[in-house]
Amino acid sequence: MRDGQPSFTSRMVMFFRALAAHDPAIGIFNDSMAEQLLSARGQRIVRRPRTYRFMARLFRRRPRLKGAFASLLLRARFAEDELARAMDTDGVRQYVILGAGWDTFAWRRPELMARLRVFELDYPATQAAKRDRLTERGLATPANLAFVPIDFTTQSLSTRLQESGFDPAVPTFVNWMEVTYYLPLPVVEGVFRELRALCA
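Residues numbered from 1 in each chain as written. Predicted model: local features only at pLDDT ≥ 70, side-chain atom pairs only at ≥ 80, totals over all residues. Heavy atoms only, no water.

**Regarding the nonpolar core**
If you look at the biggest cluster of nonpolar residues, it comprises 38 residues, and the most contacted ones within it are Leu83, Tyr95, Phe105, Trp107, Leu116 and Val118. The element that contributes the greatest number of residues to this core is helix α5 (residues 63-90), accounting for seven residues. In this view, Leu116 contacts Leu83, Met87, Val92, Arg93, Gln94, Tyr95, Phe105 and Asn144; residues no more than four positions away in its chain are not counted. Within the second largest apolar cluster, 19 residues are counted, among which are Phe119, Ala146, Val148 and Ile150. (Core = buried A, V, L, I, M, F, W, Y, C linked by side-chain atoms within 4.5 Å. Buried < 20%, exposed > 50% of the residue type's maximum accessible area, 1.4 Å probe, protein only. Helix = DSSP H or I, 4+ residues; strand = E, 2+ residues; numbered from the N terminus. Contact = heavy atoms within 4.5 Å.)

Have a look at this one:
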């Protein structure tokens, strides 16, 4: 990611989630909203049968790519399954998504959103691009979703969350996948220290 530019990686994750939603044989995780957030060109690509024939040939030649594709879906499925479990067993009522990218949870899971306050944190340019696309597609932001722009390398996580209405006393589930390996180790460690001090 270049300074001041939206994350290309997060858009690619959304694209692959849209591809998976078109193939019922995959069945790991169905992001029924991802395609709506793609550009017009991206939507044309995921609707072409030849795209899936190309992917099948690619995966046969390079099995590791198939594993990487599956891991994108598995981690999303795992996180949301664990969130639902924690809501039922641990009374979780806040959901923090660090490096949310183009995540569509708030629009896909109304049955969970009805019981949650959700905070999406991401790099300002990435978040702005997503919000612009949501507006273009006529997708309203749920009242219990807070967009929190943050640069993890220069801003305090706990400060940004509390400025956005986060309640430290409420049991919270934190989802932080993918972003960590793009950040220096001291930044990652600092975020974990802040979370431990902040969350109930």
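**Topic: the pairing of strand β1 (residues 94-98)**
Among the five residues of β1, five are classified as buried, and the element is accordingly described as predominantly covered. What you see with β1 is no split at all: Gln94, Val96 and Leu98 on one side and Tyr95 and Ile97 on the other are buried throughout. Bridge count between β1 and strand β2 (residues 117-122): five bridges; the pairing is parallel. Opposite Leu98, over in β2, you have Leu121 as the bridge partner. Pairing geometry for β1 and strand β4 (residues 172-176), over five bridges, is parallel. Residue pairing across strands places Ile97 opposite Asn175, the latter belonging to β4. (Pairing = 2+ DSSP bridges.)

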